[in-house]
Amino acid sequence: MDRQFNSEIKRYRREIKHLLLCKNSIAKAFMKDFDNELFNFIEENKVSDMETIYAQFGTAEEVARSFFEFADIRKISKGLRCTKTILTALIVALCMVLAGLLYAIEDVHSEKQNVLTHIIEETQQTEFQHSNETIGR
């Protein structure tokens, strides 16, 4: 295979793998079988152009579509349910962290306000005592 054809084959395989929206292990198993078929076809027929590949196997989208038509939907949906569960758990965890941070920020703000109020009251009391001492003299 020449370099350009080799890079086109790599791009073709990468597009197919990218279009397989399923569990990684299922996609790897499919790609292993597909690679065997693809490279055997290229070797046996001395293929050197992508048009022949597209004629035999179809475009990347067509290959991915045929994968989903013949795949065991239970395995694929199980992987997607697992992914959905993980994403939901992550979102819930992030919301809890965000709520904790907001509470901590509010607590710090409230604490600062209490300290400032205390300082102002002490200052006013000190000024009041100082003014009473000054008046009493």
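Residues numbered from 1 in each chain as written. Predicted model: local features only at pLDDT ≥ 70, side-chain atom pairs only at ≥ 80, totals over all residues. Heavy atoms only, no water.

S.K.: Before we move on, can you summarise the nonpolar core with the specific residues and values?
M.R.: In this structure, Tyr12, Ile16, Leu20, Phe34 and Ile53 are the most contacted members of the largest nonpolar core, which totals 22 residues. Of all the secondary-structure elements, those providing two or more residues to this core are α1 (3–19), α2 (24–45), α3 (50–57) and α4 (60–70). The element that contributes the greatest number of residues to this core is α2, accounting for 8 residues. Sequence-distant contacts of Phe34, that is, excluding residues within four places in its chain, are made with Tyr12, Ile16, Phe57 and Val63. (Core = buried A, V, L, I, M, F, W, Y, C linked by side-chain atoms within 4.5 Å. Buried < 20%, exposed > 50% of the residue type's maximum accessible area, 1.4 Å probe, protein only. Helix = DSSP H or I, 4+ residues; strand = E, 2+ residues; numbered from the N terminus. Contact = heavy atoms within 4.5 Å.)

S.K.: Which residues make up a nonpolar patch on the surface, and what are the values?
M.R.: Residues Val97, Leu98, Leu101, Leu102 and Ile105 make up a contiguous nonpolar surface patch of roughly 500 Å² in combined accessible area. Secondary-structure assignment places Val97 in helix α5 (residues 73–136). (Patch = residues over 30% accessible without salt bridge, like charges linked within 9 Å, V, L, I, M, F, W, Y side chains within 5 Å. Areas by Shrake-Rupley, 256 points an atom, 1.4 Å probe, with all protein chains shown as cover. Salt bridge = Lys/Arg side-chain N within 4 Å of Asp/Glu carboxyl O.)

S.K.: An account of the packing of aromatic side chains is requested, with residue identities and associated values reported.
M.R.: Note on aromatic pairs: each is described by the distance of the centres and the angle between the planes. For the coordinates displayed, the defined rule picks out 6 aromatic pairs. Between Tyr12 and Tyr54, the aromatic rings sit 5.6 Å apart at their centres with planes inclined by 70 degrees, giving edge-to-face as the arrangement. Highlighted residues: Tyr12 in helix α1 and Tyr54 in helix α3, separated in sequence by 42 residues. Centroid distance Phe34 to Phe57: 5.3 Å. Interplanar angle 70 degrees. Geometry classified as edge-to-face. Placement of Phe34 in helix α2 and of Phe57 in helix α3 is noted, with a sequence separation of 23 residues between them. Its relative accessible area of 6% is what places Phe34 among the buried residues. An aromatic cluster of at least three residues, connected via ring pairs, comprises Tyr12, Phe30, Phe34, Phe41, Tyr54, Phe57 and Phe67. (Phe/Tyr/Trp six-rings, centres within 6.5 Å; stacked < 30°, edge-to-face > 60°.)

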